[in-house]
Amino acid sequence: SSSSVSFSFSTDPASAASVYFKCQMLRLPTSPVNVPLFQTCESPVTYTQADGRYKFSVQALITGSSKMDNTPATESFYIDTGAPVVSITLAPGAVSSQSSLSFHFQAECQDSTGGVEDETCQFYCSLDDTVTNTVLEAGVCRSPKVYVSGWQVYDGHYLFRVHAQQGANIGVEAQ
């Protein structure tokens, strides 16, 4: 999958007529052999990139001179258009006599640098009564999700579901 990213930049209005810009987009990590050159660009500049970690750089140069900005402005970011994958890591058995039902779950969601952080996910849980085909409880939740017997659940058949959302990406539910 891919996503478009745009960057805007400018210089001091007094020198704008004599300055032009060069931009560079790096996919990280980048081999020293495959480093793309800075290319002439105008603000705003837009790139369409695949999922991954990137570093954008822009430098100002003076027209008709070899003078350039030796410290380009940079921005590192991560594109993740994939949906988070949820897994239930601990759940009661198919038949339980416990006084509460506890469900532990996790998802691999990418943070802005491409690292895996469960905290960047928003979880949604539901508990369905499979006999009456009704949803007993649904909404935002955290792991572990606990249902207390006699208050939220009674003897019966239930189906627990959880899915994660990160930004606009909604993951497939686990049950």
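Quantities reported herein were computed from a predicted structural model and do not represent experimental measurements.

> Got a minute to help me understand the overall build of the protein chain in this structure?
Regarding its fold elements, the protein chain presents 0 helices and 13 strands. Along the protein chain, from the amino end to the carboxyl end, the secondary structure elements read β-β-β-β-β-β-β-β-β-β-β-β-β. Summarising the internal contacts of the protein chain: among those between residues at least 6 apart in sequence, 56% fall at separations of at least 24. Only carbon and sulfur atoms are counted for the fraction: they give 51% of the accessible area of the protein chain, which is about 10900 Å².

> I keep staring at the side chain of S126 and nothing clicks. Help me out?
With respect to the helices and strands, the residue S126 is situated in strand β9 (residues 122-129). Not counting residues up to four positions away in its chain, the partners in contact with S126 are V135, E137, A138, Y147, L159, F160 and R161.

> Looking at this structure, I do not really get the sheet that holds strand β11 (residues 145-148). What am I missing?
To summarise the sheet geometry, strands pair through backbone hydrogen bonds and adopt either a parallel or an antiparallel arrangement. If you walk across this open sheet you meet the 3 strands as β7-β8-β11, and the pairing is antiparallel. With one partner strand each, in any of the chains shown, β7 (85-90) and β11 form the two edges of the open sheet. When the angles between neighbouring strand axes are averaged without regard to direction, this sheet yields 25°.

Conventions we followed
- Residues numbered from 1 in each chain as written.
- Predicted model: local features only at pLDDT ≥ 70, side-chain atom pairs only at ≥ 80, totals over all residues.
- Heavy atoms only, no water.
- Helix = DSSP H or I, 4+ residues; strand = E, 2+ residues; numbered from the N terminus.
- Contact = heavy atoms within 4.5 Å.
- Areas by Shrake-Rupley, 256 points an atom, 1.4 Å probe, with all protein chains shown as cover.
- Pairing = 2+ DSSP bridges.
- Axes fitted to C-alpha atoms, helices over the stretch in contact; angles between N-to-C directions.

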